[in-house]
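# Examination of the molecular architecture
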Protein chains: 2
Amino acid sequence: MTVFEATCTAPVNIAVVKYWGKRDTSLILPTNSSLSVTLNQDQLHSKTTIRASADFTSDRLWLNGIEESIPSNNRLVACLRETRALRTEMEAKDSALPKLAQLNIHICSENNFPTAAGLASSASGYACLVYTLSQLFQLPLDHSDLSIVARQGSGSACRSLFGGFVAWDMGEKADGSDSKAVLIEDEKHWPDLQALICVVSDAKKGTSSTAGMQLTVKTSPLLQHRIKDVVPKRMEDMIAAIKEKDFPRFAELTMRDSNQFHAVCLDTYPPIFYMNDISRSIIRIITEYNKDGVKAAYTFDAGPNAVIYAPKENMAEIYAILSHYFPGHVFDDSLSLLKDGASVAALPENFDTRISTVFAEGSVKQILHTEVGDGPRVLASQEHGLLNAEGLPKRLA
Amino acid sequence: MTVFEATCTAPVNIAVVKYWGKRDTSLILPTNSSLSVTLNQDQLHSKTTIRASADFTSDRLWLNGIEESIPSNNRLVACLRETRALRTEMEAKDSALPKLAQLNIHICSENNFPTAAGLASSASGYACLVYTLSQLFQLPLDHSDLSIVARQGSGSACRSLFGGFVAWDMGEKADGSDSKAVLIEDEKHWPDLQALICVVSDAKKGTSSTAGMQLTVKTSPLLQHRIKDVVPKRMEDMIAAIKEKDFPRFAELTMRDSNQFHAVCLDTYPPIFYMNDISRSIIRIITEYNKDGVKAAYTFDAGPNAVIYAPKENMAEIYAILSHYFPGHVFDDSLSLLKDGASVAALPENFDTRISTVFAEGSVKQILHTEVGDGPRVLASQEHGLLNAEGLPKRLA
């Protein structure tokens, strides 16, 4: 019997113009366009194997080794329904095609980063799910088409269908057919741009972004201004900054947009807070570092973690500063910042007299060094597949 | 020789629609109207004695027992110039009046609350200065007229010229002659409304409000929307809520406006933060307390301290909650909340299971219990004056 199976990985993306607010919550249509940078999946990715088989008695899903219910997850159901419908059409037109759309499937998905790190895994996860389904079903869709399906799993997932610099065009149509990801520049465009992800310790679980953004839509007067009067121009400016590889402009727009996203969270009633005192101190440190010219940009998603974008040449210095203020973190030096046993760079002159407070051990738990990366990858299932011969996960939690 | 002297006190006011941004920085004309509640000066006040004498060789000023330079303080100079000009006019019209405008003056001013508490003292201080000058010079001005002078010392000072509920009408004229305080309702209108001031410990000195607000005017796109589209309607709503003594409406507007003020601070570039993790936790606690109906309102000015407005009947419960989460504070029980040795009220049922974290000793340093109060008061200098026979402070720091 032929095994119908595909295995893929998909990257994480971190927005520099933020998505916050839906105009249609079931189709996941946003209230504004957004733009993100795709991070290298050598460091961070979701990996998914999907197998279709007549032996399977139902659709099943394992996420990080734990079986999850499919029917209770409307968004997952939508992604399966859409891709199967397309496969059904293909099979109707070409009777030579195997009848995959009618088979049950087993889905096994893993992130190579701990969920505890608080990094959004739904974007890479849904991008990987939809991309793997498209490989399994051999769908004749390009990445923008697939992004429309992935968007219905998790809005920001649509941007993980591409590498490099990716816009999510909000679109206008009620059916969402023009609300999709568009490649601005690929991962080779700006190889100098790197990122440090700072995982910040936080006792409190924040408001989920799904609930939070709709409360903002409902209650924040400032969000309406952001949507109408700020983001359209900011998208244009950001695309120009990326095309010109103008780091100071890219950085300022990134920081301003992160600030404004958290401002509309605060203008929500009751207010939503994602940043804590450690996040604020990272902003203060980067602001001080940028005093004589913009050399780094912070951005914060719906949690206290910071992502710092900077040109490669500044990274050793930025890491030296972060190490000084946030002792006791784990450093994932995947890009060999400190290669050949080199020590951390020195602090910029007088920096520690300008900001004197050093934070408690472990205030920042982990720092990951990464860079701009490519879009989803197809792997050989025989070698890399996550399911065993019986169609069950090789690894369970 | 006749001694020309006046001694007055003036109250603190805490805005419920915030002032943030000047359209004219030298005249201190605001970008939006604002509204505040005047607090009882039995608990918090500035007190000022001003004496005019031919024996004095120059104008001199002592603030909390420390001599300060007058000429280097443009705002103070403006208040002196304006009031002396009015006195000069009066003297020109009526030759029987003593020639006070030509005499040097000694000004001695004290706050009865520690500057370290981080409570804005410039509002009560400038209101008291201008009111005392008006008494000394016997100026024929009403409180709104005087507020125009006090405004030039510190914007929010204009609102401390009245007790009760006070609007600062932004005005339209370029000379600022219509930018003044207006009484909405006096201190007898809503005797049930009380306040708890929570003095929050903070390591970092925040951005000064003078510098901060102009950076917001210059860089925050959201401020423009607040000014034009949010505040005008909010002022109307707030005035209606006060007139109707509608606490839930008053409270929601107060909290929304505090949130939005801090949101535009965050939308500033680089961003300005006044609230810290303790401030945020107070918001979270009050939000939880309001879950089944709005029973308390928080508001935060340009610092981490919270002011909580609530009807008298809720105060014991609110204090019980604050005591539970913030041990180790000093309680200024000036309104005898716990009178006759009564113990603190019990926590609302299950409250501590909904929010479990208790904060470190001294996270909130002090809690003051106060209420709505009256406007500036004239005291008998002989009994209450701050200057001795030589015209020097009775108390030096």
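Predicted, not measured: the structure shown is a model, and the values here were computed from it. (Residues numbered from 1 in each chain as written. Chains lettered and ligands numbered in written order. Predicted model: local features only at pLDDT ≥ 70, side-chain atom pairs only at ≥ 80, totals over all residues. Heavy atoms only, no water.)

### Overview of the relation of the copies chain A and chain B
Which entries qualify depends on this criterion: All copies are superposed by least squares; the fitting set is the C-alpha atoms of residues with a pLDDT of at least 70 in both. Here, residues are in contact when the closest pair of their heavy atoms is within 4.5 Å.
Structural alignment of chain A on chain B gives an RMSD of 0.0 Å, achieved by rotating through 180° and translating 0.0 Å along the axis. Such values leave the two copies arranged in the relation of a two-fold axis. Relative to the rotation axis, the C-alpha of Ala263 of chain A is the closest in chain A, positioned 2.1 Å from it. Interface overlap between copies: 100% of the residues of chain A at the interface are likewise at the interface in chain B, consistent with a symmetric, same-surface contact.

### As for the domain arrangement of chain A
For interface size, the figure often reported is the accessible area lost on association. All names here are of chain A. So the rule is basically this: Here the bounds of each domain stem from an automatic or database domain assignment. Buried area, as used here, totals the accessible surface that two parts lose on assembly, with accessibility defined by a 1.4 Å probe and the loss added over both. For salt bridges, the criterion is a side-chain nitrogen of Lys or Arg within 4 Å of an Asp or Glu carboxyl oxygen. We define a polar contact as two N or O atoms separated by no more than 3.5 Å, with the added condition that, inside protein, one atom must be a possible hydrogen donor and the other a possible acceptor, whereas residues neighbouring each other in sequence contribute only through side-chain atom pairs. Each helix is a run of H or I in the DSSP string that is no shorter than four residues. Each strand is a run of E no shorter than two, and both are numbered from the N terminus. Any residue that is not Ala, Val, Leu, Ile, Met, Phe, Trp, Tyr, Cys, Pro, Asp, Glu, Lys or Arg is counted as polar, Gly included; the first ten are nonpolar and the last four charged.
Assigned domains within chain A: domain 1 (4-186 + 378-384) and domain 2 (193-371). If you average the C-alpha positions of domain 1 and of domain 2, the two centres end up 27 Å apart. Between domain 1 and domain 2, the contact holds 30 residues from the first and 44 residues from the second. Across the domain 1 to domain 2 interface the summed buried area is about 3000 Å²; carbon plus sulfur atoms make up 68%. Among the residues domain 1 hides against domain 2, the three largest losses belong to Val16, Lys18 and Trp20. Together they make up 29% of the total. Counting across the domain 1 and domain 2 interface gives two salt bridges. Between Lys243 and Glu185 there is a salt bridge, with the nearest N and O atoms lying 3.2 Å from each other. Our count for the domain 1 to domain 2 interface comes out at eleven residue pairs in polar contact (both at pLDDT 80 or more). Listed by contribution, the elements that provide at least two residues to the side of domain 1 that touches domain 2 are β2 (13-17), β5 (34-38), β10 (165-169) and β11 (180-185). Residues that form the side of domain 1 that touches domain 2 fall into these classes: 16 nonpolar, ten polar and four charged.

### Some details on the pairing of strand β16 (residues 364-371) of chain A
All names here are of chain A. To be explicit about the condition: To sort residues, take the accessible area from a 1.4 Å probe on protein chains only and compare it with the maximum for the residue type: under 20% means buried, over 50% means exposed, and anything in between is partly exposed. Two strands form a pair only when DSSP identifies at least two bridges running between them.
The element β16 is largely enclosed, with a buried count of six among its eight residues. In this structure, strand β12 (residues 193-200) lies alongside β16, joined through seven bridges in antiparallel fashion. In the sheet register, Leu196 faces β16, and the bridge partner there is His369. Pairing of strand β15 (residues 330-332) with β16, which is carried by three bridges, proceeds in the parallel orientation.

### Looking at the environment of Thr9 of chain A
All names here are of chain A. Considering the arrangement of structural elements, one finds Thr9 in strand β1 (residues 4-11). Given the relative accessible area of 6%, Thr9 is considered buried. On a C-alpha basis, the gap between Thr9 and Ser124 in space is 8.3 Å, while along the polypeptide they are 115 residues apart. Leaving out residues up to four positions away in the same chain, Thr9 has contacts with Gln41, His45, Ser46, Lys47, Cys128, Pro376, Arg377 and Leu379. Reaching out from Thr9, the side chain makes a polar contact with the side chain of Gln41 at a distance of 2.7 Å.

### Notes on helix α7 (residues 277-289) of chain A
Residue and element names in this part refer to chain A. Here is the rule: The span one expects for a helix is its residue count, reduced by one, times 1.5 Å.
With 13 residues, α7 should reach 18 Å at 1.5 Å per residue; the first-to-last C-alpha distance of 18 Å fits that figure. Of all 13 residues in α7, ten are buried, a share of seventy percent or more. Taken residue by residue, α7 has Ile278, Ser279, Arg280, Ser281, Ile282, Ile283, Ile285, Ile286, Glu288 and Tyr289 as its buried positions. Two or three places before Ile278, at the start of α7, stands the capping residue Asn276, its side-chain oxygen 2.9 Å from that residue's backbone nitrogen.

### With respect to the packing of aromatic side chains
The description of an aromatic ring pair uses the distance of the two centres, along with the angle that the planes make with each other. All names here are of chain A. Selection criterion: Aromatic pairing here means that ring centres of Phe, Tyr or Trp (its six-membered ring) are within 6.5 Å. Orientation follows from the plane angle: under 30 degrees is stacked, over 60 is edge-to-face, and everything else is tilted. Counting as a charge over the ring demands two things of the Lys NZ or Arg CZ atom: a distance within 6 Å of the ring centre and an angle within 35 degrees of the ring normal.
Going through the model one piece at a time under the given rule, you end up with 24 aromatic pairs over all chains. Taken together, a centroid distance of 5.3 Å and an interplanar angle of 70° make the contact between Trp190 and Phe250 edge-to-face. Highlighted residues: Trp190 in the loop between β11 and β12 and Phe250 in helix α6 (residues 247-266), separated in sequence by 60 residues. A relative accessible area of 5% means that Trp190 is categorised as buried. With a relative accessible area of 0%, Phe250 lands in the buried category. Through a chain of ring-to-ring contacts, three or more aromatic side chains come together here, namely Phe165, Trp190, Phe247, Phe250 and Tyr309. Here Lys295 stacks its cationic end above the ring of Tyr289, 4.3 Å away from the centre of that ring.

### Digging into empty space enclosed by the protein
Picture a little ball the size of a water molecule; that probe, rolled over the atoms, points out where space is still empty. Going by this rule: Here the term cavity refers to a set of points on a 1 Å grid, laid over the protein atoms alone, in which a 1.4 Å probe fits but cannot get out; the term pocket refers to an open set having protein on both sides within 12 Å along at least five of seven lines, with lining residues being those that place an atom within 4 Å of a point. Grid points are joined across faces, edges and corners, and a volume is the space filled by probe spheres set on the points.
Applying the stated criterion to the full structure yields two cavities of 30 Å³ or more. When its volume is computed, the largest cavity comes out at roughly 200 Å³. Lining the largest cavity we find 15 residues, and of these Leu266 and Phe273 of chain A together with Leu266, Phe273 and Arg280 of chain B sit closest to its centre. Looking at the lining of the largest cavity, the elements with two or more residues in it are α6 of chain A together with α6 (247-266) of chain B. Here the lining of the largest cavity takes three residues from α6 of chain A, the largest share from any one element. When the residues that make up the lining of the largest cavity are grouped by side-chain class, the tally is eleven nonpolar, two polar and two charged. Estimates place the volume of the second largest cavity at around 30 Å³.

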